[in-house]
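Coordinates in review
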Amino acid sequence: RDGPRRADAAGASALLLRGSGNTAQPMPVSFRVVRAKTIVAPLTLDQLQEVRVLHSGDRYEFAFSTLQAGRFLLDSLTDSADWRWSLKGPNASGSVVALRSDVAFNARESNSSWLNLDVPGNYTLSVYSSSLSAGNVSFRLLDGARFAPLPLNAPQTVALAPGNAVQAWHLD
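Residues numbered from 1 in each chain as written. Predicted model: local features only at pLDDT ≥ 70, side-chain atom pairs only at ≥ 80, totals over all residues. Heavy atoms only, no water.

1. Notes on the packing of aromatic side chains
The line we're drawing: The rule is short: rings of Phe, Tyr and Trp, with Trp giving its six-membered ring, pair when the centres are within 6.5 Å, and they are stacked under 30 degrees, edge-to-face over 60, tilted in between. Residue burial is assigned from relative accessible area. The probe radius is 1.4 Å, only protein chains are included, and a residue is buried under 20% of its type maximum, exposed over 50%, and partly exposed in between. Secondary structure elements are defined from DSSP: runs of H or I of at least 4 residues count as helices, runs of E of at least 2 residues count as strands, and each element is numbered from the N terminus.
Evaluation of the coordinates by the stated rule reveals four aromatic pairs. Seen in terms of ring centroids, Tyr 60 and Phe 62 are 6.0 Å apart; in terms of plane orientation they differ by 20 degrees. Their pairing is stacked. Per residue, the accessibility class of Tyr 60 equals that of Phe 62, and both read buried. Relative to Phe 139, the ring of Phe 62 lies with its centre 5.5 Å away and its plane at 80 degrees, an arrangement referred to as edge-to-face. Of this pair, Phe 62 sits in strand β3 (residues 59-66) while Phe 139 sits in strand β9 (residues 135-143), and the two are 77 residues apart along the sequence. A single burial state applies to Phe 62 and to Phe 139, both of which are buried.

Structure representation (structure tokens):
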């Protein structure tokens, strides 16, 4: 498979190259092994996060905390299946577990962008490329408790800035 592969476990790793097809002819193969970086940064809820991934395989890990259970929305401002995110956080017994894994940044219209965080605590949102991509990714993690109320029977005019952002309200 093409694309970066990451050995996240400490210790020795192995690299295996396997030919494909039924040919006995020599097959040229090119590859490069690099040490991927993990960049750790705080995440402020409801604020724009801009990530610049310089090398494929690098990963950003954003740390944030919640004081109470809540519903959150990952507002992806990057529409690309090459960029992925995962979320780790506490479960009801207090263990840190994977809550979401390998979700595409172009999942804007799906339920995978909604996060029901049932346990207050410390969470880590990881952002990474699933291909040989390097580049820029932008997103916001919106706290549903901070959505403005949407009054009934009142016309609304809003300006989305940027134009691919999400504007969210709660209904009374």
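2. Observations regarding the sheet that holds strand β2 (residues 49-53)
Paired through their backbone hydrogen bonds, the strands of a sheet run either parallel or antiparallel. To be explicit about the condition: In this description, strands pair whenever DSSP reports at least two bridges between them. What counts as an axis is a line fitted to C-alpha atoms, over the stretch in contact for a helix, and the angles between N-to-C directions run from 0 to 180 degrees.
Spatial ordering of the open sheet is given by β2-β9-β4-β7, a layout of four strands whose pairing is antiparallel. Edge positions in the open sheet fall to β2 and β7 (114-117), since each of these has one partner strand only. Adjacent strand axes in the sheet meet at a mean angle of 25 degrees, parallel and antiparallel pairs treated alike. Two strands pair when backbone bridges link them, and β2 and β9 are joined in this way by five bridges, in the antiparallel orientation. Of the residues in β9, the one forming a bridge with Arg 52 is Asn 136.

3. Let's talk about the pairing of β3
One ladder, built from five bridges, connects strand β1 (residues 38-42) with β3; its direction is parallel. Pairing of Ala 41 across the sheet is with Phe 62, part of β3.

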